[in-house]
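Summary of the model geometry
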Amino acid sequence: MVVGGNDRSTPAVVSLVAGGIAGGVEGFLSYPFEFAKTRVQLRAEKGQPTPRNPFLVVIQVYQREGLRALYKGCGALVFGSVGKDAVRFLFFDQIKESFADPATGTLSPGRNLLAGMTAGVVASITAVTPTERIKTALIDDARNEKRFRSGLHATRVIWKENGILGLYRGFAGTTLKQASATAFRMGTYNILKDYEKKRDMSQNTAVNFANGSVAGVITTLATQPFDVIKTRSQSARGTSTLEATKSILLDYGIRGFWKGTTMRLGRTVFSGGILFTSYEAAVKVILPMYSGAKHTKDADAE
C-alpha cells in the first residue's frame, strides 16, 4: 500500500504491525454493533420480533444485562482482529506491490479486488474462523445455556467436544465472507485512494475515514449473505454451512440472508473509517522507527 501520498511501498513488518494495531482498535471500538448484529442473526424463538435498529438492541441489552454483556465475546474478536488485519494488510500490501504498475504504483480495479480476495482467504485460515467461532458461541451461549465462563473456557469446551473441527465450524461461510469482504473493503479503499492520488488530492485523516466508510458500505451490501450463514454455523452448538443455509431459508426465506444488514452497516461504516485511519496513522509512526533501525543496522554491518 502506498502511504501518505508518496511512492514508497510499505515494508512487510510495518504492514504486519500496523495492521494488527488497526484491527485491535477497530474491533474494540465497534464491538457493540457487532454484538447487536450477531444477536439478530442467531436463531430466535418463533414469533419473537427482532429489532432492526442497532442502537435499540444495544440499549435493551444494556438495560437488561448490563455493560459487560455488550462486550461478551469481545476478547475473542479483538484477538482475532489483531491477527486478521495483521495478515490481511501484510498479504494485501505484498500482493499489491507485485501486481502494481511499475510507473504509477497503482493497480487496476480488478487486481485490487483480486489482491484483497487472496488476503481474505489467508486471514480466514490463519485467524478469523476460530476466533469468530468463539465470539459467536459466547454471544449465543449467553442468551440461554450460559455454559461458557470465558473465551478460553469456551475454546477448551469446544475442543474437548469436537476437536479442532469444532473451532473451524463455519469455515466455508467464513472464508467466503472473508474473501469477498476483504476484496471489496481493501479493493474499494485502494481504488478510491489511487483515484485520488492520480488527481493529486491530499490524503488526511478525514479523507482516509471517508474512504474507509464508503468501502464499509459496499462490503456490507455485497457480502451480507455470507455473514448470516457464518453466524448461524458458528452458534453455541454449531452446525454445518448447508444446515445453516437451510435454517435461514426455513425461518425467513430469501430475505433472511440480509438479516442484520442495518446492524452490520452501523458497524462497518464506523469500523471501516477507524480501520484504515488507524492503519495509516500507525504506518506513519512505525515506518520512521523501522527505517531508522534498519539504517543503523546497515551502518553497523558496514
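Residues numbered from 1 in each chain as written. Predicted model: local features only at pLDDT ≥ 70, side-chain atom pairs only at ≥ 80, totals over all residues. Heavy atoms only, no water.

1. A word on the overall build of the chain
- Helix and strand counts for the chain come out as 12 helices and 0 strands.
- For the chain, the succession of helices and strands along the chain, N to C, is α-α-α-α-α-α-α-α-α-α-α-α.
- The burial tally for the chain puts 52% of its 302 residues in the buried class.
- For the chain, long-range pairs separated by at least 24 residues make up 80% of all intrachain contacts whose partners lie at least 6 apart in sequence.
- Roughly 14100 Å² of accessible area belongs to the chain as shown, and the carbon and sulfur atoms make up 64% of that amount. (Helix = DSSP H or I, 4+ residues; strand = E, 2+ residues; numbered from the N terminus. Buried < 20%, exposed > 50% of the residue type's maximum accessible area, 1.4 Å probe, protein only. Contact = heavy atoms within 4.5 Å. Areas by Shrake-Rupley, 256 points an atom, 1.4 Å probe, with all protein chains shown as cover.)

2. As for the packing of helix α5 (residues 74–99) against helix α6 (residues 109–143)
- Following both chains from N to C, one finds α5 and α6 inclined at 160°, their axes separated by 8 Å at the closest point. Between α5 and α6, the interaxial angle falls into the category roughly antiparallel. α5 and α6 meet at a crossing whose hand is right-handed.
- When grouped by side-chain class, the residues that make up the contact of α5 with α6 number 16 nonpolar, 7 polar and 6 charged. (Axes fitted to C-alpha atoms, helices over the stretch in contact; angles between N-to-C directions. Parallel < 35°, antiparallel > 145°, perpendicular 65-115°, else oblique. Left-handed = near helix turned anticlockwise from the far one by under 90°. Nonpolar A, V, L, I, M, F, W, Y, C, P; charged D, E, K, R; others polar.)

3. Regarding the packing of helix α2 (residues 31–41) against α6
- One can describe the packing of α2 onto α6 by two numbers: an axis separation of 10 Å at closest approach and a directional angle of 65°. With respect to α6, the element α2 is oriented roughly perpendicular. The element α2 and its partner α6 pack so that their crossing is right-handed. Taken together, the residues of α6 that come into contact with α2 (itself represented by Tyr31, Glu34, Phe35, Lys37, Thr38 and Arg39) are Glu132, Lys135, Thr136, Ile139 and Arg143.

4. Let's talk about the side chain of Thr219
- Of note, Thr219 is situated in helix α10 (residues 205–233).
- Polar side-chain contacts of Thr219 include one of 3.1 Å to the backbone nitrogen of Arg185.
- Beyond its immediate sequence surroundings of up to four residues, Thr219 is in contact with Ala181, Phe184, Arg185 and Arg264. (Polar contact = N/O pair within 3.5 Å; in protein donor to acceptor, adjacent residues only side chain to side chain.)

5. Here we look at the packing of aromatic side chains
- For the structure on display, the rule yields 6 aromatic pairs.
- Ring plane angle 35° and centroid distance 5.3 Å describe the contact between Phe28 and Tyr71, whose orientation is recorded as tilted. Remark: Tyr71 occurs in the loop between α4 (67–70) and α5 and Phe28 occurs in helix α1 (residues 12–29); sequence separation between them is 43 residues.
- Look at Phe28 and you get partly exposed, because its relative accessible area is 43%.
- For the pair Phe89 and Tyr279, a centre-to-centre distance of 3.9 Å together with 10° between the ring planes defines the contact as stacked. Remark: Tyr279 occurs in helix α12 (residues 261–301) and Phe89 occurs in helix α5; sequence separation between them is 190 residues.
- With relative accessibility at 0%, the residue Tyr279 sits in the buried group.
- Each residue in the set Phe89, Tyr189, Phe276 and Tyr279 is aromatic and connected to the rest through ring pairs, giving one cluster.
- Lying over the aromatic face of Tyr252, Lys259 brings its terminal NZ or CZ to 4.4 Å of the ring centre. (Phe/Tyr/Trp six-rings, centres within 6.5 Å; stacked < 30°, edge-to-face > 60°. Lys NZ or Arg CZ within 6 Å of the ring centre and 35° of its normal.)

6. Notes on unusual backbone geometry
- You will see that Asp200, though not glycine, has its phi angle at about 55°, which is positive.
- Along the chain, Asp200 turns up in the loop between α9 (171–198) and α10.
- By relative accessible area, which is 72% here, Asp200 ends up exposed.

7. Describing a nonpolar patch on the surface
- Together, Val13, Leu16, Val17, Ile21, Val25, Phe28, Leu29, Phe209 and Phe270 make up an exposed nonpolar region whose accessible area comes to about 700 Å².
- The dominant element in the nonpolar patch, judged by the number of residues it contributes, is α1, at 7 residues.
- Classification of Val13 as partly exposed rests on a relative accessible area of 39%. (Patch = residues over 30% accessible without salt bridge, like charges linked within 9 Å, V, L, I, M, F, W, Y side chains within 5 Å. Salt bridge = Lys/Arg side-chain N within 4 Å of Asp/Glu carboxyl O.)

8. What to know about the nonpolar core
- Among the nonpolar cores identified, the biggest contains 18 residues, and Ala18, Phe89, Phe276, Tyr279 and Val283 are the most heavily contacted of them.
- Breaking this core down by element, the ones donating at least two residues are α1, α5, α6, α9 and α12.
- When residues of this core are assigned to their parent elements, the largest contribution, 7 residues, is made by α12.
- With sequence-adjacent residues up to four places away left out, Ala18 is seen in contact with Tyr279, Ala282, Val283 and Ile286.
- The next biggest cluster of nonpolar side chains, apart from the first, holds 14 residues, and it includes Leu42, Cys74, Leu77 and Met263. (Core = buried A, V, L, I, M, F, W, Y, C linked by side-chain atoms within 4.5 Å.)

9. Considering the confidence of the model for the chain
- Confidence in the prediction for the chain averages 82 pLDDT; 89% of positions are at 70 or higher.
- The least confident element of the chain is α2, whose mean pLDDT is 77; the most confident is α1, at 91.
- Predicted confidence for residues 2–7 stays below pLDDT 50, and this span has 15 contacts to residues more than four positions away or in other chains. (pLDDT = per-residue confidence, 0-100.)

10. Here's the deal with the environment of Thr223
- Structurally, Thr223 is set in helix α10.
- Thr223 sits in the buried class, given a relative accessible area of 0%.
- Separated by 42 residues in sequence, Thr223 and Ala181 have C-alpha atoms that sit 6.1 Å apart.
- Not counting residues within four places of it along the chain, the set of residues in contact with Thr223 comprises Ser180, Ala181, Phe184 and Arg264.

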